[in-house]
Amino acid sequence: MIASFKDHVRKTGQPETYSLITTKQAFDLDNAEILAEFQVDRKKREDLRAVPCPICSPTSPKYLAGYLVWFPQERVIRAIGRECGKRINEKWDREQYAFKKRQQQEAREEYLEANLHLLPNLLLDYSAELARADAQETVWLAMRRENPAIAQYLRSGMRSGYLSVSERLNSRSGIAMTTSAGASKFREVRIGFCVGQSFVASKNELAKKLKQQLEMLSLFDFGNEPNRCFLAICDMTTAEMEKAERAIKRSKVVLDQARSRLDDFESFFSSQNIDLINQWAGHPSSELNFQLEIANNGNRFKVRSHEFGYTEIDLTTISLTQ
Ligand SMILES: [Zn+2]
């Protein structure tokens, strides 16, 4: 009935003409129950006049935002203005609050019914990304251990996304750079846009974060049978439902964030990015000179520098697609 009422209001803009409600004036709201809220489109109203209200204004225009209300004593339904109940019943705000709570609860149950049985798939996705995060963390730790100075140099150099060096201007270059502070002896040379900052980030807590989320989600794993999940929802308290809904919604956000970070980490090793970094790190004006190489079909990461020698890091576990 609620759905057909709303449909009628949407089409006609006339809640007062719906056949199953009464427009007779109401004097008592005790035990009345809000069934739904609705909005009337003024453009559909005759002379753009608002709807008369059976609480406070049965014969003249009053409201556009309304409630559909069940009156149990009279066994009738009325459509009233949303602000009107308070006029004749000081406890009406309690019913408004209870209605909001009922709506939230209904939406929560709907969400869980639609999502709870998909949770085993979400858990599989999490396990896959957790394995990736673990493998990447090992590589990240190796980079810090084997090449601490280079890792740090990369981190600060890559920070803005643009790799650049400051080139000293000599008398022969003929370029005069003037700033408000006077003549500059340096100019910035931009090499290009780099990716993969996660590989040299100062912190890497992604695996930990994914693990926590995975554990939290597992609490609500009732399998992928919709019927079984439905029964599980029926057994949940409101607090448990809230927790489950929050956990699932949050997990989807965390998973998306994790994936883009994991992809970013891998993108560091793309040949285009490595070439760019080599161009930057090999530039005569670079403060630190080194060269990177991906070898053995993407399974080895080699770093060479005069200052720190030669190191190799195993990339087998992060399975790069070269
Ligand atoms: Zn009213």
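Basis of the calculations
- Residues numbered from 1 in each chain as written.
- Predicted model: local features only at pLDDT ≥ 70, side-chain atom pairs only at ≥ 80, totals over all residues.
- Heavy atoms only, no water.
- Donors = N, O, S within 2.8 Å, 3.2 Å for Na, K, Ca; no water.
- Helix = DSSP H or I, 4+ residues; strand = E, 2+ residues; numbered from the N terminus.
- Buried < 20%, exposed > 50% of the residue type's maximum accessible area, 1.4 Å probe, protein only.
- Domains from an automatic or database assignment.
- Axes fitted to C-alpha atoms, helices over the stretch in contact; angles between N-to-C directions.
- Parallel < 35°, antiparallel > 145°, perpendicular 65-115°, else oblique.
- Left-handed = near helix turned anticlockwise from the far one by under 90°.
- Contact = heavy atoms within 4.5 Å.
- Patch = residues over 30% accessible without salt bridge, like charges linked within 9 Å, V, L, I, M, F, W, Y side chains within 5 Å.
- Areas by Shrake-Rupley, 256 points an atom, 1.4 Å probe, with all protein chains shown as cover.
- Salt bridge = Lys/Arg side-chain N within 4 Å of Asp/Glu carboxyl O.
- Pairing = 2+ DSSP bridges.
- 1 Å grid on protein atoms, 1.4 Å probe; cavity = no way out; pocket = protein on both sides within 12 Å on 5 of 7 lines; lining within 4 Å.
- Points joined across faces, edges and corners; volume = space filled by probe spheres on them.
- Nonpolar A, V, L, I, M, F, W, Y, C, P; charged D, E, K, R; others polar.

1. Considering the coordination of the zinc ion
Donor atoms from the polypeptide that coordinate the zinc ion comprise Cys 53 (SG), Cys 56 (SG) and Cys 84 (SG), at 2.0 to 2.2 Å from the metal. Between the donor residues of the zinc ion, the gaps in sequence give the motif C-x2-C-x27-C. Linking Cys 53 in strand β2 (residues 51-53) with Cys 84 in the loop between β5 (76-81) and α2 (85-88), this pair joins segments that are 31 residues apart in sequence. Considered together, Cys 53 and Cys 84 belong to a single accessibility category, that of buried residues.

2. Here's the deal with the domain arrangement of the protein
Domain boundaries in the protein define domain 1 (2-90) and domain 2 (114-314). Between the C-alpha centres of domain 1 and domain 2 the distance comes to 56 Å.

3. Describing the packing of helix α4 (residues 119-146) against helix α6 (residues 206-218)
One way to put it is that α4 packs onto α6 with a least axis distance of 9 Å and a crossing angle of 160°. The orientation of α4 relative to α6 falls into the category roughly antiparallel. The two elements α4 and α6 meet at a crossing, and its hand is left-handed. Only Leu 206, Ala 207, Leu 210, Lys 211, Gln 213, Leu 214, Leu 217 and Ser 218 of α6 make contact with α4, whose side of the interface consists of Leu 119, Leu 122, Leu 123, Tyr 126, Ser 127, Glu 129, Leu 130, Ala 133, Asp 134 and Glu 137.

4. Considerations on a nonpolar patch on the surface
On the surface, a cluster of nonpolar side chains totalling about 250 Å² of accessible area is made up of Met 1, Ile 2 and Leu 20. Within the fold, Leu 20 resides in the loop between α1 (2-12) and β1 (33-39). Under the relative-accessibility criterion, Leu 20 is labelled exposed at 53%.

5. Overview of unusual backbone geometry
The bulk of non-glycine residues show a negative phi, and the bulk of peptide bonds are trans. Residue Asp 47 is not a glycine yet carries a positive backbone phi of 55°. Relative accessible area serves as the criterion here: at 58%, Asp 47 is assigned to the exposed category. Not every positive phi belongs to a glycine, and Asn 297 is a case in point at roughly 60°. Within the secondary structure, Asn 297 sits in the loop between β10 (290-295) and β11 (300-305).

6. Describing the environment of Pro 15
With respect to the secondary-structure elements, Pro 15 resides in the loop between α1 and β1. With near-sequence residues (within four places) excluded, Pro 15 lies in contact with Phe 5, Val 9, Ile 21, Phe 38, Val 40, Arg 45, Val 51, Tyr 63 and Ala 79.

7. Overview of the pairing of strand β3 (residues 57-63)
In the sheet, β2 pairs with β3 via three bridges, with the strands oriented antiparallel. Counterpart to Pro 52 in the pairing with β3 is Pro 61. With antiparallel pairing between neighbouring strands as the criterion, β2 and β3 make up a hairpin whose turn holds three residues.

8. Digging into the pattern of salt bridges
Pairing between side chains of opposite charge can happen when their charged atoms approach one another. Scanning the model with the defined rule gives 23 salt bridges in all. Between Glu 37 and Arg 82 there is a salt bridge; the shortest N-O distance is 3.7 Å. Residue Glu 37 is found in strand β1, and its partner Arg 82 is found in the loop between β5 and α2; the two are separated by 45 residues along the sequence. Residue Arg 132 pairs with Glu 129 through a salt bridge whose shortest N-O separation is 2.8 Å. Pair noted here: Arg 132 and Glu 129 are both in helix α4, with a separation of three residues, about one helical turn.

9. Structural notes on the layout of surface pockets
The calculated volume of the largest pocket comes to roughly 210 Å³. Secondary-structure elements contributing two or more residues to the lining of the largest pocket are α1, β1 and α3 (92-115). Among the elements that line the lining of the largest pocket, the one with the most residues is α3, at six residues. Of the residues that constitute the lining of the largest pocket, the class distribution is six nonpolar, one polar and six charged. In this model, the second largest pocket occupies a volume close to 170 Å³. In terms of lining, the second largest pocket is formed by Tyr 153, Ser 156, Gly 157, Ser 164, Val 165, Ser 166, Glu 188, Trp 280, Ser 285, Ser 286 and Glu 287. In terms of residue class, the lining of the second largest pocket is made up of three nonpolar, six polar and two charged.

10. Regarding the sheet that holds β11
Sheet strands pair by backbone hydrogen bonding; their relative direction is either parallel or antiparallel. Ordered by their spatial adjacency, three strands build an open sheet running β10-β11-β12, and the pairing between neighbours is antiparallel. The sheet terminates laterally at β10 and β12 (309-314), the two strands that pair on one side only. On average, each strand axis in the sheet is tilted by 15° relative to the strand beside it, whichever way the strands run. Where β10 meets β11, six bridges bridge the pair, whose relative direction is antiparallel. Its bridge partner being in β11, Ala 295 is matched across the sheet by Arg 300. The strands touched by α4 are β11 and β12; relative to β12, the strand with the most contacts, the crossing angle is about 165°. Contacts from helix α9 (residues 271-281) reach β10 and β11, with the element oriented near 160° to β10.

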